[in-house]
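Structural overview for review
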Amino acid sequence: MFEYAPAPESRDIVDIRPTYGLFINGEWVDSLGDARDKTINPASEEVLAEFAHADEADVDRAVAAARKAYDSVWGRLPGRERAKYLFRIARIVQERARELAVLESLDNGKPIRESRDVDLPLVAAHFFYYAGWADKLEHAGLGQAPRPLGVAAQVIPWNFPLLMLAWKIAPALACGNTVVLKPAETTPLTALAFAEICRQADLPPGVVNIVTGAGDTGRALVDHPDVDKVAFTGSTEVGRLIARSVAGTRKRVTLELGGKAANIVFEDAALDQAVEGVVNGIFFNQGHVCCAGSRLLVQESIADELLGALKRRLSTLRMGDPLDKNTDIGAINSAAQLAKIRELSEAGEREGAERWSPSCPIPEKGFWFPPTLFTGVAQSHRIAREEIFGPVLSVLTFRTPAEAVEKANNTPYGLSAGVWTEKGSRILWMADRLRAGVVWANTFNRFDPASPFGGYKESGYGREGGRHGLEAYLDVRPM
Amino acid sequence: MTTSFTEVAASNATLRAFLHGLPGVDRVGADQRAAMLGTRSIKTTAKARAIDLAISMVDLTTLEGADTPGKVRAMCAKAVHPDPGDPSVPKVAAVCVYPDLVGRAVEALGDSGVRVASVATGFPSGRTSLEVKVRDTELAVAAGADEIDMVIDRGAFLSGDYRKVFDEIVAVKAACARDAAAGKGDAHLKVILETGELATYDNVRRASWLAMIAGADFVKTSTGKVSPAATLPVTLVMLEAVRDFRDRAGRMVGVKPAGGIRTTKDAVKYLVLVNETAGEDWLTPEWFRLGASSLLNDLLMQRGKMATGRYSGPDYFTLD
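Calculation rules
- Residues numbered from 1 in each chain as written.
- Chains lettered and ligands numbered in written order.
- Predicted model: local features only at pLDDT ≥ 70, side-chain atom pairs only at ≥ 80, totals over all residues.
- Heavy atoms only, no water.
- Domains from an automatic or database assignment.
- Contact = heavy atoms within 4.5 Å.
- Buried area = accessible area lost by both parts, 1.4 Å probe.
- Salt bridge = Lys/Arg side-chain N within 4 Å of Asp/Glu carboxyl O.
- Polar contact = N/O pair within 3.5 Å; in protein donor to acceptor, adjacent residues only side chain to side chain.
- Helix = DSSP H or I, 4+ residues; strand = E, 2+ residues; numbered from the N terminus.
- pLDDT = per-residue confidence, 0-100.
- Core = buried A, V, L, I, M, F, W, Y, C linked by side-chain atoms within 4.5 Å.
- Buried < 20%, exposed > 50% of the residue type's maximum accessible area, 1.4 Å probe, protein only.
- Pairing = 2+ DSSP bridges.
- Axes fitted to C-alpha atoms, helices over the stretch in contact; angles between N-to-C directions.
- UniProt positions renumbered as here; feature names shortened; annotations may be inferred.
- 1 Å grid on protein atoms, 1.4 Å probe; cavity = no way out; pocket = protein on both sides within 12 Å on 5 of 7 lines; lining within 4 Å.
- Points joined across faces, edges and corners; volume = space filled by probe spheres on them.

What follows is about the domain arrangement of chain A. All names here are of chain A. When cut into domains, chain A gives domain 1 (11–257 + 459–475) and domain 2 (262–441). If you average the C-alpha positions of domain 1 and of domain 2, the two centres end up 30 Å apart. Contacts between the two partners involve 29 residues from domain 1, matched on the other side by 28 residues from domain 2. For the pairing of domain 1 and domain 2, the buried interface totals around 2300 Å² over both sides, and the portion due to carbon and sulfur atoms is 58%. For the salt bridge of R113 with D328, the shortest nitrogen-to-oxygen distance reads 3.0 Å. Our count for the domain 1 to domain 2 interface comes out at twelve residue pairs in polar contact (both at pLDDT 80 or more). Those elements that provide at least two residues to the side of domain 1 that touches domain 2 are α3 (97–108) and α4 (112–133).

Mean pLDDT over chain B: 95, with 99% of residues reaching 70 or higher. Reported confidences for the modelled complex are a pTM of 0.95 and an ipTM of 0.92.

Let us now look at the nonpolar core. Within the largest apolar cluster, 113 residues are counted, with the highest numbers of intra-cluster contacts made by F127(A), F194(A) and L310(A). Among the elements that take part in this core, helix α5 (residues 161–174) of chain A stands out by supplying eleven residues, more than any other. There are two domains that each give this core at least three residues, and those are domain 1 (11–257 + 459–475) and domain 2 (262–441) of chain A. Among the nonpolar cores identified, the runner-up in size contains 103 residues, and A9(B), A54(B), V97(B) and V172(B) belong to it.

Turning our eyes to something else, we now look at the sheet that holds strand β3 (residues 115–119) of chain B. Residue and element names in this part refer to chain B. Taken in spatial order, the eight strands make up an open sheet running β7-β6-β5-β4-β3-β2-β1-β8, and their pairing is parallel. A single partner strand is all that each edge strand has here, and the edge strands are β7 (254–256) and β8 (290–292). Recorded for the sheet is a direction-independent mean angle of 25 degrees between the axes of neighbouring strands. Pairing geometry for strand β2 (residues 94–97) and β3, over four bridges, is parallel. Pairing of A94 across the sheet is with R115, part of β3. Here helix α6 (residues 102–109) sits on the sheet in contact with β2 and β3, set at roughly 170 degrees to β3. The strands touched by helix α9 (residues 162–175) are β4 (147–151) and β5 (188–192); relative to β5, the strand with the most contacts, the crossing angle is about 150 degrees.

Contacts between the two partners involve 30 residues from chain B and, on the opposite side, 25 residues from chain A. There are five salt bridges connecting chain B and chain A. Measuring nitrogen to oxygen at the nearest pair gives 2.6 Å for the salt bridge that ties R243(B) to D272(A). Linking chain B with chain A are eleven residue pairs in polar contact (both at pLDDT 80 or more). The set of elements that each furnish at least two residues to the side of chain B that touches chain A consists of α3 (27–37), α4 (44–57), α12 (232–249) and α13 (264–277) of chain B.

Feature annotation in UniProt places "active site" (unreviewed entry) on E256(A), given in this structure's numbering. With respect to the helices, strands and loops of the structure, E256(A) is situated in strand β11 (residues 252–256).

As a further point, take empty space enclosed by the protein. Rolled over the atoms, a probe as big as a water molecule pinpoints where empty space is left. Residue and element names in this part refer to chain A. Evaluated as defined, the whole model comprises four cavities of 30 Å³ or more. Around the largest cavity, the lining comprises 15 residues; the ones closest to its centre are A262, R295, A408, T411 and S416. Those elements that provide at least two residues to the lining of the largest cavity are α13 (401–409) and β17 (416–420).

This paragraph deals with the environment of L210(B). Residue and element names in this part refer to chain B. You can see L210 is positioned in helix α11 (residues 201–213). Once the C-alpha coordinates of L210 and S118 are considered, the two residues, 92 residues apart in sequence, prove to be 22 Å apart. With sequence-adjacent residues up to four places away left out, L210 is seen in contact with L15, L19, F157, Y162, V165 and F166.

Here, UniProt's "domain: Aldehyde dehydrogenase" (unreviewed entry) annotation points to residues 28–477 of chain A. Along residues 28–477 of chain A, the helical share is 40% and the strand share 17%, with 38 Å between the first and last C-alpha atoms.

As a further point, take the pairing of β17(A). Every regular strand shows the same layout, with side chains that alternate between the two sheet faces. Residues and elements named next belong to chain A. In terms of burial, β17 is largely enclosed, as five of its five residues are buried. Taking every second residue as pointing to the same face, both faces of β17 are buried, with S416, G418 and W420 on one and A417 and V419 on the other. The pairing of strand β12 (residues 262–265) with β17 spans four bridges and is parallel. Paired with A262 across the strands is A417, a residue of β17. In this sheet, strand β18 (residues 438–441) lies alongside β17 in parallel orientation, the contact comprising four bridges. By the bridge assignment, V419 is partnered in β18 with A441.

Attention now goes to helix α7 (residues 215–223) of chain A. Of all the residues in α7(A), the buried ones are T217(A), G218(A), A220(A), L221(A) and V222(A). For α7(A), the secondary structure elements touched by its buried residues are α1 (56–72), β7 (151–155), β8 (178–182), β10 (229–233) and α8 (236–246) of chain A.

This part covers the pattern of salt bridges. Should their charged atoms come close, side chains of opposite charge can pair. Residue and element names in this part refer to chain B. Scanning all chains against the criterion turns up 54 salt bridges over all chains. Note that R135 and E138 form a salt bridge whose closest N and O atoms lie 3.1 Å from each other. Separated by three residues within a single helix, R135 and E138 lie in helix α7 (residues 130–142), roughly one turn from each other. We classify R135 as partly exposed; its relative accessible area is 46%. A single network of salt bridges, built from pairs that share partners, joins D59, R115, E147, D149, K190, K220, K256 and R289.

Here's what the structure looks like:
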């Protein structure tokens, strides 16, 4: 085979401090407790940095700083002034894109090709997009004179650390809210780098506060009596806890949770592009995507042909060093996640589905899982029902469009779906019937700040992105 | 031609049914895939190998009304020794000339192993009768051409007269035959689809299959006289077609993008495309060619850069 020599992106351009504090009121401060956590590079298990594990008192300080900033500065600032800060942040993100991409790949394990070409451009795009809305909120169609909610508590996952931060912070600030954000405990580094960007942009102190820690920190933040809004992206399990915790309070909440999306390929689809779309749908970001197309529903008449093409294509995927520009599949984010993927894959085999992976060398250190296909999957198998959140695709078949819709909707989730057909009328017919927040046609995993994103059923509620995303951060009173 | 394809070619209706039954090509998806493969980063040893491979795949081409025997002789010298100062540079795959200059090229190349390709069949428009096309081909073959680059009748193709296109390819393929006693095998037939005039990727896929069913040894994107000439996505679609055709018919067909490939960076992108679409079997001059006239000097310049760490100026490479 025509072997590509390694083309690693240099990690010298990032400056990782050995230890990080909390970012509260525009300053780096030490945690009041002594608890510390470490973040590692999942591709090598090397410790990258130590960071503070915030406790309730730390969270309290952060919320107080956000409240003060909201009352004294940010909540009163005209939209056009807030927009300037957001534009400034967007531009700094663009200027520092290469550095941030390397940092993201180091901390998360995702290939640099994706952090560089997908994550970072989208992060900047979200800040630009919401900067544009900051002075036009009255024209968003959400009612006259919409007002900010106050302090937003935001808890984000480890799969797209910086992108999820942008999805949360950009609309919150554009609408005039202040923020306390907790990044995931396995991927805090880009959020901490973002704290520096806030300082570089001269954002008033307290408008953005970043507290690091684990589940207990998140709980303290969500439960804090002085937050007005909770935004969470992560597992359905944690989402349930949050929903319970905020029930009966005045807090507004948006939850963006798990998914088990169907990627439906009809016999008349553009086959080569469908194969690409299926690959992108499930193997993008090692399958650590809540809207991943983890169930392939293929029309029986082309099942063999499509599977053959898919296996051939999978054999060309390159797994390895996330910083290598030619890597397609990086490392699994954590040992815990790897264990979960292994457990579910073994369950798949036990239940009688047939497992297939291309032969690819697996690095000795780090957390790795090869791209995996399961054929002969039934709707009742665990691998067809539960979110695996890894590079594992379950293949099911169907015979008629109605059956495809039925099977696609037969899941507790409803975040996304994909339809592959050359027939336009069928795309519309399917999109009408699929119970999913996003339905992609002849493409998959495409994101745009102007497009709202969110789920049905156990995939959560509320929408992020687009004009709809503003509503989650505004108090709209009919006049 | 296998039995099943005999049935496919039985009438225009069966041909049409077959070609329109092929999976469609989604333009957006194909463009994205080609763009993604274009971002592969090729460095050091891999790049050095890629440059030599690309040089050995070049069809050094001159197709101008002003071509002279002298110009062809000079080009042939360059084809054999692309860089007179560096004998480690491989020779190119072929030189490509008009039929009337084939004899000169054969003479100049001698037993160097560089093949002679000739564009026949009323190149570049192909708007002439079948008799003329066949005769054009026969003359080039008789003069010693190893490869014939024919153009398809785009007018017939676009009007849906697939059978006419098919028949012409079959007739020209027959004209490529040589008496076994002559010592040289049959000339290889490269079928130029002129993808810039076919407009859609669906048409590119159909035309590729049509040419392969009719017996083409190679499918080639362009004459170089129409814009756009070769593009990465069009070549991607053609590579998918030859890959699928081998699965179905058990026969390999080569691919040649031609026109507009000027830089080493471009050439390497094509090699990546071949590697990840059709596979490494196609990564030889026997099954993949780059039709280009100005590409070779850039490849040589990059090769020099890899060896010495410095760029030399264009004057350090010959213009022939």
